[in-house]
Amino acid sequence: RTRVAVRGMGGGSGAGDADQKLRVLCLHGFTQNGETFRQRTGSIRKQLKKKIDFVFIDAPHDASGAFGDDDASALGTAGDGVGPRAWWLVGENAAASVAAARAARDDDDDGDD
């Protein structure tokens, strides 16, 4: 049997440390988001809720264009209001993101006159 010891970031060894929950940052995969990852980890979160606080965040990039419309509904992020997210973009997704950012910038520049 393997045992894993995890210490909190505080570094203290006082009596109160045993009562503090460990905080775990949970990063979702490509085309998921924090909410869908939270839903998919429900079983483990329920088992560990007395010992661990799970923190779920969304990646910064919109990954809506990563797949066609037919595949988008299979991602499981359609009805949550956030949509699919990505931590970084490469290839055609990066090019589309840069083009969208430039178009938004150009629209902002046109409105400042």
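Quick summary incoming for the structure in this document. Source: prediction; values computed, not measured. (Residues numbered from 1 in each chain as written. Predicted model: local features only at pLDDT ≥ 70, side-chain atom pairs only at ≥ 80, totals over all residues. Heavy atoms only, no water.)

## Quick look at the overall build of the chain
In terms of helices and strands, the chain carries four helices and four strands. In the chain, the succession of helices and strands from N to C terminus is β-α-α-β-β-α-β-α. Summarising the internal contacts of the chain: among those between residues at least 6 apart in sequence, 72% fall at separations of at least 24. Accessible surface, the chain as shown: approximately 8,800 Å² in total, 50% of it carbon and sulfur. (Helix = DSSP H or I, 4+ residues; strand = E, 2+ residues; numbered from the N terminus. Contact = heavy atoms within 4.5 Å. Areas by Shrake-Rupley, 256 points an atom, 1.4 Å probe, with all protein chains shown as cover.)

## Let's talk about the environment of leucine 25
With respect to the element layout, leucine 25 can be found in strand E1 (residues 22-27). Taking the C-alpha atoms as reference points, leucine 25 and phenylalanine 54, separated by 29 residues in sequence, lie 6.2 Å from one another. If near-sequence neighbours (up to four positions away) are discounted, leucine 25 is found in contact with Val55 and Ile57.

## Looking at the environment of phenylalanine 37
Note that phenylalanine 37 resides in helix H1 (residues 34-40). When its relative accessible area of 23% is taken as the criterion, phenylalanine 37 is described as partly exposed. With residues up to four places along the chain from it excluded, the contact list for phenylalanine 37 reads Cys26, Leu27, His28, Gln32 and Phe56. (Buried < 20%, exposed > 50% of the residue type's maximum accessible area, 1.4 Å probe, protein only.)

## Topic: the pattern of salt bridges
Per the counting criterion, the structure on display carries two salt bridges. Residues aspartate 53 and lysine 21 are paired through a salt bridge, measuring 3.4 Å at the closest nitrogen-oxygen approach. Here lysine 21 lies in the segment before E1 and aspartate 53 lies in strand E2 (residues 52-57), a separation of 32 residues in the sequence. What makes aspartate 53 partly exposed here is its relative accessible area of 32%. Among the ionic pairs, glutamate 35 bridges to arginine 38, the shortest N-O distance being 2.8 Å. With a gap of three residues between them, glutamate 35 and arginine 38 both fall in helix H1, about one helical turn apart. (Salt bridge = Lys/Arg side-chain N within 4 Å of Asp/Glu carboxyl O.)

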